[in-house]
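What follows is each chain in one-letter form.
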Amino acid sequence: MGNETLMNRGKACLMNTYGRFPIALINGKGVIVEDADGNEYLDFLAGIAVNALGHAHPALCQVASEQMEKLIHCSNLYWIEPQIELAEMLISLSVADKVFFCNSGAEANEGAIKLARKYAKMQGYEERYEILSMENSFHGRTLATLTATGQEKFHQDFLPLPEGFNYSNFNDIAMLQEKVTEKTCAIIIEIIQGEGGVNPISQEFATAVAEICSEKDILLIVDEVQTGVGRTGKVFAYEHFGIAPDIITLAKGLAGGVPIGAFMAKEQVAAAFIPGDHGSTFGGNPLATACGKAVLATITAPDFQSTVKETAAYLRAQLLNLQARETRIKEIRGLGFLLGIEISGDVSQVVRGCLEKGLIIGSAGAKTLRLAPPLIVTKAEVDQAVSIIAAVLKEE
């Protein structure tokens, strides 16, 4: 059954919520995926930073298969061994003390918002309920996380939005200081604004946010949904900037493609939640957390981390070489394997042109190409991808 047949069937039965490309991916191995017509592509988007170990990674496949033969799901009314073990791993790698598992990044951020508000009340700050986020941020598509998202285009048609959210300019310390009020209970930031254009935080701004939160007893929430799990060259992107969040949110790459989300908090903050305050039927189920263990064990191996850093540096160097030859490239931004290429002209045409030549990349905003390949990508595959991007830019 080919791409066109599946596309037509999908149009007949699925809600029109995605601007889909006219291919149906049915198979994958490593960094290569195959569509229903038998065409192969280099996957440099990895399900939007989800497939951290690529496709059909042996370690992940083995663990998933073994766990499915034991127990896929049981209620959180009972203790779940792989859930406990994954939580222990995350705590050992972070500044957090406690973990809550859910199913997605939006759920993780939703839970973080609830926890921040409950913590403020427990500390006696009855007037504090407002979450301060950044312009051009993206935190999810539930009504609360949509409102936390600092992009007006996502708010349209869903009014009235929940109250209790305010916005400041990213990397603008003066505005941040003005926007923090007696109502602010938490500031939420991304270390790299993924959907907003692959915009990295500055060291000065990261430091200022942490200092303001500390001085005013405001919680610092770092949204690591897209940047976490080794994507930027460290397990968590906040590690690059020497800050210690009170709450960290995760999803995407945590289980290598199996749906999972998590928010993690320091002991004092996590203690605000008691039984009944929050929950998730599927969150932290045995299958997802067993897969999360396999991903973390793989990406934290010393040889793996050193290879990732080396290959990510090579990718950036090749893109900078391309920029020197291609006037349409205005800037290369990002960290590790989350990079943005700002170009002049139509980004969507470049993305489609790359697809036609066998390369899957994405866009982030109107001017930026987004690269988020699996962490297992090789230098040879980097060369292939950069050569395709170069050819498409030249043609366009």
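Residues numbered from 1 in each chain as written. Predicted model: local features only at pLDDT ≥ 70, side-chain atom pairs only at ≥ 80, totals over all residues. Heavy atoms only, no water.

> Describe the overall build of the protein chain, listing the residues and the values that go with them.
Each helix and strand in the protein chain was counted, giving 14 helices and 17 strands. The C-alpha atoms of the protein chain give a radius of gyration of 21 Å, which matches the 21 Å a tight globule of 396 residues would have. Scored against the burial criterion, the 396 residues of the protein chain give a buried share of 52%. Residue pairs in contact within the protein chain that sit at least 24 positions apart in sequence constitute 71% of those at least 6 positions apart. As displayed, the protein chain has an accessible area near 17,800 Å², and 52% of this comes from carbon and sulfur atoms. The average position of the 33 basic charges and that of the 47 acidic charges among the side chains of the protein chain differ by 3 Å. (Helix = DSSP H or I, 4+ residues; strand = E, 2+ residues; numbered from the N terminus. Rg over C-alpha atoms; globule rule 2.2 N^0.38 Å. Buried < 20%, exposed > 50% of the residue type's maximum accessible area, 1.4 Å probe, protein only. Contact = heavy atoms within 4.5 Å. Areas by Shrake-Rupley, 256 points an atom, 1.4 Å probe, with all protein chains shown as cover. Lys, Arg positive; Asp, Glu negative; His and termini not counted. Charge placed at Lys NZ, Arg CZ, Asp CG, Glu CD.)

> How would you explain the nonpolar core if you had to name every residue and give the values?
With 86 residues, the main nonpolar core has Phe-44, Leu-90, Ile-187, Ile-189, Ile-191, Ile-341 and Leu-359 as its most contacted residues. If you tally residues by element for this core, the top one is helix 14 (residues 379-395), at 8 residues. Dropping the residues within four chain positions of it, Ile-191 is found in contact with Phe-170, Asn-199, Pro-200, Ile-201, Val-222, Asp-223, Glu-224, Ala-237, Tyr-238, Phe-241 and Ile-243. Core analysis: the second largest hydrophobic core is formed by 23 residues, Tyr-119, Ala-144, Tyr-167 and Val-269 among them. (Core = buried A, V, L, I, M, F, W, Y, C linked by side-chain atoms within 4.5 Å.)

> Explain the pairing of strand 1 (residues 25-29) to me, and be specific about the residues and the numbers.
The pairing of strand 1 with strand 2 (residues 32-35) spans 4 bridges and is classified as antiparallel. Bridging across to strand 2, Asn-27 finds its partner in Glu-34. Hairpin connection from strand 1 to strand 2: 2 residues lie between these consecutive antiparallel strands, with Gly-30 at a positive phi of about 65 degrees. (Pairing = 2+ DSSP bridges.)

> Describe the sheet that holds strand 3 (residues 40-43), listing the residues and the values that go with them.
Sheets are built from strands paired through backbone hydrogen bonds, the pairs being either parallel or antiparallel. Read across the sheet, 4 strands follow the order 1-2-3-15 without closing on themselves; strand pairing throughout is mixed. Pairing within the sheet leaves two strands with one partner each, and these edge strands are strand 1 and strand 15 (359-360). With 2 bridges connecting them, strand 3 and strand 15 associate as parallel partners. Each residue of the ladder has a partner; that of Asp-43, found in strand 15, is Ile-360.

> Can you lay out the packing of helix 4 (residues 81-93) against helix 11 (residues 286-299) for me, pointing to particular residues and giving the numbers?
How two helices sit against one another is set out by the angle between their axes and by the gap between those axes. One way to put it is that helix 4 packs onto helix 11 with a least axis distance of 8 Å and a crossing angle of 35 degrees. Regarding helix 4 and helix 11, the two cross each other, and that crossing is left-handed. Every residue of helix 11 that contacts helix 4 at Pro-82, Gln-83, Glu-85, Leu-86, Met-89, Leu-90 and Leu-93 is listed here: Pro-286, Thr-289, Ala-290, Gly-292, Lys-293, Leu-296 and Ala-297. Across the contact of helix 4 with helix 11, the residue classes tally to 9 nonpolar, 3 polar and 2 charged. (Axes fitted to C-alpha atoms, helices over the stretch in contact; angles between N-to-C directions. Left-handed = near helix turned anticlockwise from the far one by under 90°. Nonpolar A, V, L, I, M, F, W, Y, C, P; charged D, E, K, R; others polar.)

> Run through the side chain of Arg-328, naming residues and quoting values.
Its place among the elements puts Arg-328 in the loop between helix 12 (302-325) and strand 13 (329-335). For Arg-328, which is buried and forms no salt bridge, the nearest opposite charge comes from Glu-326, at a distance of 5.0 Å. There is a polar contact of 2.8 Å between the side chain of Arg-328 and the backbone oxygen of Ser-344. Leave out the neighbours within four places in its chain, and Arg-328 touches Glu-342, Ile-343, Ser-344, Gly-345, Asp-346, Val-350, Leu-393 and Glu-396. (Salt bridge = Lys/Arg side-chain N within 4 Å of Asp/Glu carboxyl O. Polar contact = N/O pair within 3.5 Å; in protein donor to acceptor, adjacent residues only side chain to side chain.)

> Describe in detail the pattern of salt bridges, supporting the description with residues and values.
Applying the stated rule across the entire model yields 9 salt bridges. The partner of Asp-246 in a salt bridge is Lys-266, with the nearest N and O atoms 3.7 Å apart. With Asp-246 in the loop between strand 10 (219-223) and strand 11 (247-250) and Lys-266 in the loop between strand 12 (261-265) and helix 10 (267-270), this residue pair connects regions lying 20 residues apart in the sequence. Overall, Asp-246 belongs to the buried group, its relative accessible area being 15%. A salt bridge links Arg-333 to Glu-331; the shortest N-O distance between them is 2.9 Å. Exposure remark for Arg-333: the relative accessible area of 10% places this residue in the buried category. Here Glu-331 falls in the partly exposed class, since its relative accessible area comes to 36%. Connected through shared salt-bridge partners, Glu-331, Arg-333 and Glu-342 make up one network.

> Which residues make up the packing of aromatic side chains, and what values go with them?
Inspection of every chain in the model, using the stated rule, returns 5 aromatic pairs. Aromatic side chains Phe-170 and Phe-205 sit 5.9 Å apart centroid to centroid with 75 degrees between the ring planes, which places their arrangement in the edge-to-face category. Of the two residues, Phe-170 is situated in the loop between strand 6 (165-168) and helix 8 (173-179) and Phe-205 in helix 9 (residues 203-216); the sequence distance between them amounts to 35 residues. Taken individually, Phe-170 and Phe-205 each receive the classification buried, so the pair is uniform in this respect. Arranged with centres 6.3 Å apart and planes meeting at 80 degrees, the rings of Phe-263 and Phe-273 form a pair that is edge-to-face. Of the two residues, Phe-263 is situated in strand 12 and Phe-273 in the loop between helix 10 and helix 11; the sequence distance between them amounts to 10 residues. Ring pairs connect the aromatic residues Phe-100, Phe-263 and Phe-273, which therefore count as one cluster. When the ring centre of Tyr-125 is taken as origin, the NZ or CZ atom of Arg-128, which lies over that ring, is 3.8 Å away. The ring of Tyr-314 is capped by Lys-379, whose NZ or CZ atom sits 5.5 Å from the centre of that ring. (Phe/Tyr/Trp six-rings, centres within 6.5 Å; stacked < 30°, edge-to-face > 60°. Lys NZ or Arg CZ within 6 Å of the ring centre and 35° of its normal.)

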